[in-house]
Number of protein chains: 2
Amino acid sequence: MSDLLQVAKLAGVSRATAARAFSSPDLVREETRNKIFAASEQLGFRPNHIARQLRTQSTRMIGVLLPSLQNPIFAAQLQAMENLAQLHGYSLLVATSNYQPLREAAIVENMLRQRVDGLVLTVADADHSAVLLDLQREAIPLVLVHNSPQRLGLPAVRVDNRLAVMQATGVLLKLGHRHIGMIAGPMLQSDRARQRYQGYCDAMSKAGLTPADVVEMPDHIHSDLNTLLPLLHGPRAFTALLCTNDLLALSVMGELMRTGYQIPRQISVIGFDGIEMGRMQFPSLSSVVQPLEEMGRLAIAHLLAQIAGETPPPGCLAHQFRYGESIAPPATQTL
Amino acid sequence: MSDLLQVAKLAGVSRATAARAFSSPDLVREETRNKIFAASEQLGFRPNHIARQLRTQSTRMIGVLLPSLQNPIFAAQLQAMENLAQLHGYSLLVATSNYQPLREAAIVENMLRQRVDGLVLTVADADHSAVLLDLQREAIPLVLVHNSPQRLGLPAVRVDNRLAVMQATGVLLKLGHRHIGMIAGPMLQSDRARQRYQGYCDAMSKAGLTPADVVEMPDHIHSDLNTLLPLLHGPRAFTALLCTNDLLALSVMGELMRTGYQIPRQISVIGFDGIEMGRMQFPSLSSVVQPLEEMGRLAIAHLLAQIAGETPPPGCLAHQFRYGESIAPPATQTL
DNA sequence: TTGTAGGCGTTATCAG
DNA sequence: CTGATAACGCCTACAA
């Protein structure tokens, strides 16, 4: 591939002038400029960003770490981030950790070696994250999404998970439910799942009820019918289920309906995230809606501001409860 | 940030030796190596990939262009690609075009300037793609996913869309359906949608039936009830609907059920892609399953092979029809 | 096993 | 407005 020097030669100018024709065209006489562009065209010249990056010490690249892309919430967020980044001339270096701290660390290290201009991270468990601790020392623009470590004061874009589930639980309580269960994926892996369970416990306690143990599924996004069914029988049977995320909720609904349960008549279900699919299907899923597009945009905007040397204020984003067809008063009006 | 020279000085060796300690440790005596690593640690040295890339003319980065991340098929494929790439020490530069050819072109140009080692592209419409034509001239490793332009002989990872829908239509025909409709997103934007419609037409014609006009929705992934309902009444009312993708199918199902239709008793629905959600929900969606994970892996594997100088053979991947609860014989046994 | 030196393709500083 | 030249940080013959 030809370089600036060849273009310069062919155009009969110096390398410096050729370079200027590209980076600051107005500093070059039009005639000269055209000769340079013609030569460039003829040689199939393409500016080398690597060399430019080495020289300018700026990559216009942002490193994005996500736990997974299986869950559409991350895809939606990534889409929003990419749109805004692209608009500002930034590229995204994307990697997934599959919720594994070791991979998180390796990925971040690699991104730092690549000299990305900033990082947008979603880690599995922010409070026990070695990566975030290490990153404290680096002076690199950084935004967390979904996470918010208790101790570290890092800029974060997220909703108040605990409060949100407290309110969602409140909705079920108000409908008359007393036996409410909480379904989650692997709790140890996800700080968010734990926060959401806390919100449930808070709401139950405040209502004078005993929070049930969390029902832990082996997978973040699939329910296991064998674990579930026993909990729906007997005097303490759940009449409503809160799920830590929408995919889990949709999986629960599907399996229960397939087994013959009527939703919401026999069982009410509430999810978390507010993914599109929940609205599409029938019965539609009640859920705590996270403003994912906005979160993605905000993460990038915040990062760009940091890169520009500003320090914008943090703050939680507002969630919203979406009433769907998956909830109703409990069938048997016990008590 | 400190560089190799500083590390070398502190360790009391030359820059070359310090460099070797990182790139080929076995060429350096252990004692020396340890001194270098210690110095590196002390200085917080981090190898600069940009400089390395400039020098070695290799980035170990792959450019990935996708139409969108809203559709989980792309997310799933991306996830698979990222996993395999990461395993081989490659990073992914990801960008989305939102099905816009102009963005496709700009994105690819940018990736080339970044000197990615290879490209994995999914364009909106391969047969009318300026990007692909231009790329013919570049000698860069390239794999298409989902696309397969008629004229250009580019390596592609995909299923036979036309055949697949022909078979899916066959399933409906065998069930006794005669009035089968095909629902699509914006046809002009997507070569795949057109191929799939072709498959439907083929099957209908072969069965001695007249293919209906495609029912075009304004959006790739949402159905519009107002467009749909009129087609379900009258003597030529559809008893079965083929959709060009699963999200569209799930949207159709949800809306119809919400309106009071029984699925599959009154209307059968078949999708395309085989996304997870289709299996989860009740009734589960019948669909043509694309092996998305395999496609993602294969795309990367094929690309890495090209980068290694090999030229692996192309070939379609096998699709598979998944029977779900969304299809049944037509209600009224006309004819 | 280690050192020397040149170059990867830009940009930026300084003269002219 | 244009040209010469020195970095940016690393790798890699080649020589010692």
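An unreviewed UniProt entry lists chain A under the name LacI family DNA-binding transcriptional regulator, with Winslowiella arboricola as the source organism.

Student: Quick question: what am I supposed to make of the overall build of chain A here?
Tutor: In terms of regular secondary structure, chain A is built from 13 helices and 11 strands. The C-alpha atoms of chain A give a radius of gyration of 26 Å, which is well past the 20 Å a tight globule of 335 residues would have. Taking the principal axes of its C-alpha atoms as reference, chain A extends roughly 90 × 40 × 30 Å. Expressed as a percentage of the 335 residues in chain A, the buried residues total 56%. Pairs at least 24 residues apart make up 69% of the contacts formed inside chain A by residues separated by at least 6 positions.

Student: Would you take a moment to explain the sheet that holds strand β7 (residues 215-216) of chain B for this structure?
Tutor: One key point about sheets: their strands pair by backbone hydrogen bonds, in either a parallel or an antiparallel sense. Residue and element names in this part refer to chain B. The 6 strands lie next to each other as β7-β6-β8-β9-β10-β11, forming an open sheet whose pairing is mixed. Edge strands, defined here as strands with exactly one partner in the open sheet, are β7 and β11 (320-322). Contacting β6 (180-184), β8 (240-243) and β9 (268-273), helix α9 (residues 191-206) crosses the sheet at an angle of about 170° to β6. Strand contacts of helix α11 (residues 246-259): β6, β8, β9 and β10 (286-289), with the helix running at about 155° to β9, the strand carrying the most contacts.

Student: Any chance you could explain the pattern of salt bridges here in plain terms?
Tutor: A pair can form between side chains of opposite charge whenever their charged atoms are brought close. Residue and element names in this part refer to chain A. If you walk through the whole model with that rule in mind, you get 20 salt bridges over all chains. With a shortest N-O distance of 2.9 Å, Arg113 and Glu109 are connected by a salt bridge. On the criterion of helical spacing, the pair formed by Arg113 and Glu109 is a turn pair, its members being 4 residues apart in helix α6 (residues 101-113). A relative accessible area of 26% places Arg113 in the partly exposed class.

Student: Just checking my understanding: could you explain the protein's contact with DNA strand C for this structure?
Tutor: Taken together, 27 residues sit near DNA strand C, with Arg55(A), Thr17(B), Arg20(B), Thr32(B) and Arg55(B) positioned nearest. Atoms of DNA strand C within 4 Å of the protein belong to the sugar or the phosphate in 59% of instances, the rest to bases. Measuring from a phosphate oxygen of DNA strand C, one finds a backbone N or O atom of Leu4(A) at 2.8 Å. Within the side chain of Thr17(B), one N or O atom sits 2.5 Å away from a phosphate oxygen of DNA strand C. Of all elements in the fold, only α2 (15-23) and α4 (49-56) of chain A together with α2 (15-23) and α4 (49-56) of chain B reach the threshold of two or more residues within the surface near DNA strand C.

Student: Can you help me understand the pairing of strand β4 (residues 142-145) of chain B in this one?
Tutor: Remark: a regular strand shows side chains that alternate across the two faces of the sheet. All names here are of chain B. Residues Leu142 and Leu144 of β4 are buried on one face, and the alternating residues Val143 and Val145, pointing to the opposite face, are buried as well. As paired strands, strand β3 (residues 118-121) and β4 are joined by 3 bridges and run parallel to one another. Its bridge partner lying in β4, Leu119 is registered against Leu142. Handedness of the crossover joining β3 and β4 through helix α7 (residues 130-135) is recorded here as right-handed. Here 2 bridges tie β4 to strand β5 (residues 156-157), and the two strands are oriented parallel to one another. Across the sheet, Leu144 pairs through a bridge with Ala156, a residue of β5.

Student: How should α4(B) be read in this particular structure?
Tutor: Working note: α-helix, 3.6 residues per turn, so residues spaced by three or four point in the same direction. Listing the buried residues of α4(B) in full gives His49(B), Ile50(B) and Gln53(B). For α4(B), the angular spread of buried residues about the axis comes to 100°, placing them on one side. Summarising the contacts, the buried residues of α4(B) are in contact with α4 and α6 of chain A. The backbone nitrogen of Ile50(B) has a side-chain oxygen 2.8 Å away, supplied by the residue at the start of α4(B), namely Asn48(B).

Student: How should the interface of chain B and chain A be read in this particular structure?
Tutor: Note: interface size is frequently given as the accessible area lost on complex formation between the parts. Each side of the interface is counted separately: chain B has 53 residues, and chain A has 53 residues. Buried surface at the junction of chain B and chain A, summed over both partners, amounts to about 4900 Å²; 52% is from carbon and sulfur atoms. Of all residues in chain B, Arg46(B), Ile50(B) and Met280(B) bury the most surface against chain A, accounting for 15% of the area lost on that side. Linking chain B with chain A are 8 salt bridges. Arg103(B) is paired through a salt bridge with Glu82(A); the nearest N and O atoms lie 3.9 Å apart.

Student: Just to check I follow, could you spell out the side chain of His220(B) for this structure?
Tutor: Structurally, the position occupied by His220(B) is in the loop between β7 and α10 (225-228). Each residue touching His220(B), except ones within four places of it in the same chain, is listed here: Tyr99(B), Gly185(B), Pro186(B), Gln189(B), Ser190(B), Asn245(B) and Leu248(B).

Student: For this particular structure, what's the right way to read the UniProt feature "domain: HTH lacI-type" (unreviewed entry) in chain A?
Tutor: Feature annotation in UniProt places "domain: HTH lacI-type" (unreviewed entry) on residues 1-56 of chain A, given in this structure's numbering. Counting secondary structure, residues 1-56 of chain A comes out at 70% helix and 0% strand; the distance between its end C-alpha atoms is 21 Å.

Student: Could you clarify how one ought to interpret the packing of α2(A) against helix α3 (residues 30-43) of chain A in this entry?
Tutor: The packing of two helices is summarised by the inter-axis angle and the distance between the axes. Residue and element names in this part refer to chain A. Running from amino to carboxyl end, α2 crosses α3 at an angle of 90°, the nearest separation of the two axes being 10 Å. By the criterion of interaxial angle, the relationship of α2 to α3 is roughly perpendicular. The segment α2 lies against α3, with Thr17, Ala18, Ala21 and Phe22 engaging Thr32, Arg33, Ile36, Phe37 and Ser40. By residue class, the composition of the contact of α2 with α3 is 5 nonpolar, 3 polar and 1 charged.

Student: Even after reading the chapter, I still don't get the relation of the copies chain B and chain A, so can you show me in this structure?
Tutor: Two chain copies, one operation linking them: a rotation about an axis together with a shift along it. Taken as rigid bodies, chain B and chain A are interconverted by a rotation of 180° and an axial shift of 0.0 Å, the fit giving an RMSD of 0.2 Å. Put plainly, the chains are arranged around a two-fold axis. Using C-alpha coordinates, one finds that chain B approaches the rotation axis most closely at Leu93(B), a distance of 2.3 Å. Of all interface residues in chain B, 100% are interface residues in chain A too; the two copies therefore contact each other through one and the same surface.

Student: Would you mind going over the nonpolar core with me for this structure?
Tutor: Taken as a class, soluble globular proteins show a tendency for nonpolar side chains to be buried jointly. Counting 152 residues, the largest nonpolar core has Leu78(A), Tyr200(A), Leu78(B) and Tyr200(B) as the members making the most contacts within it. With 44 residues, the next largest nonpolar core counts Leu65(A), Leu135(A), Ala95(B) and Ile107(B) among its residues.

Student: Got a minute to help me understand the protein's contact with DNA strand D in this structure?
Tutor: Thr17(A), Arg20(A), Thr32(A), Leu4(B) and Arg55(B) are the nearest of the 26 residues found near DNA strand D. Take the atoms of DNA strand D that sit within 4 Å of the protein: sugar and phosphate atoms are 63% of them. Residue assignment for the surface near DNA strand D shows that the elements contributing at least two residues are α2 and α4 of chain A together with α2 and α4 of chain B.

Student: I keep staring at the state of the cysteines and nothing clicks. Help me out?
Tutor: By definition, a disulfide links two cysteine residues through a covalent bond between their sulfur atoms. Scanning the entire structure with this criterion turns up 0 disulfides over all chains. Not part of a disulfide, Cys201(A) finds its nearest cysteine sulfur in Cys243(A), a span of 15 Å.

Student: Teacher, can you tell me more about the side chain of Thr239(B) here?
Tutor: All names here are of chain B. For Thr239, the position within the fold is in the loop between α10 and β8. One polar contact links Thr239 to His177, side chain to side chain, over a distance of 2.6 Å. Excluding its chain neighbours within four sequence positions, the residues that come into contact with Thr239 are His177, Arg178, His179, Gln266, Ile267, Ser268 and Pro330.

Conventions used here
- Residues numbered from 1 in each chain as written.
- Chains lettered and ligands numbered in written order.
- Predicted model: local features only at pLDDT ≥ 70, side-chain atom pairs only at ≥ 80, totals over all residues.
- Heavy atoms only, no water.
- Helix = DSSP H or I, 4+ residues; strand = E, 2+ residues; numbered from the N terminus.
- Rg over C-alpha atoms; globule rule 2.2 N^0.38 Å.
- Buried < 20%, exposed > 50% of the residue type's maximum accessible area, 1.4 Å probe, protein only.
- Contact = heavy atoms within 4.5 Å.
- Pairing = 2+ DSSP bridges.
- Axes fitted to C-alpha atoms, helices over the stretch in contact; angles between N-to-C directions.
- Salt bridge = Lys/Arg side-chain N within 4 Å of Asp/Glu carboxyl O.
- Near = heavy atom within 4 Å.
- Polar contact = N/O pair within 3.5 Å; in protein donor to acceptor, adjacent residues only side chain to side chain.
- Right-handed = clockwise from strand over helix to strand, strands pointing away.
- Arc of directions from axis to C-beta.
- Buried area = accessible area lost by both parts, 1.4 Å probe.
- UniProt positions renumbered as here; feature names shortened; annotations may be inferred.
- Parallel < 35°, antiparallel > 145°, perpendicular 65-115°, else oblique.
- Nonpolar A, V, L, I, M, F, W, Y, C, P; charged D, E, K, R; others polar.
- Least-squares fit on C-alpha atoms with pLDDT ≥ 70 in both.
- Core = buried A, V, L, I, M, F, W, Y, C linked by side-chain atoms within 4.5 Å.
- Disulfide = S-S within 2.5 Å.

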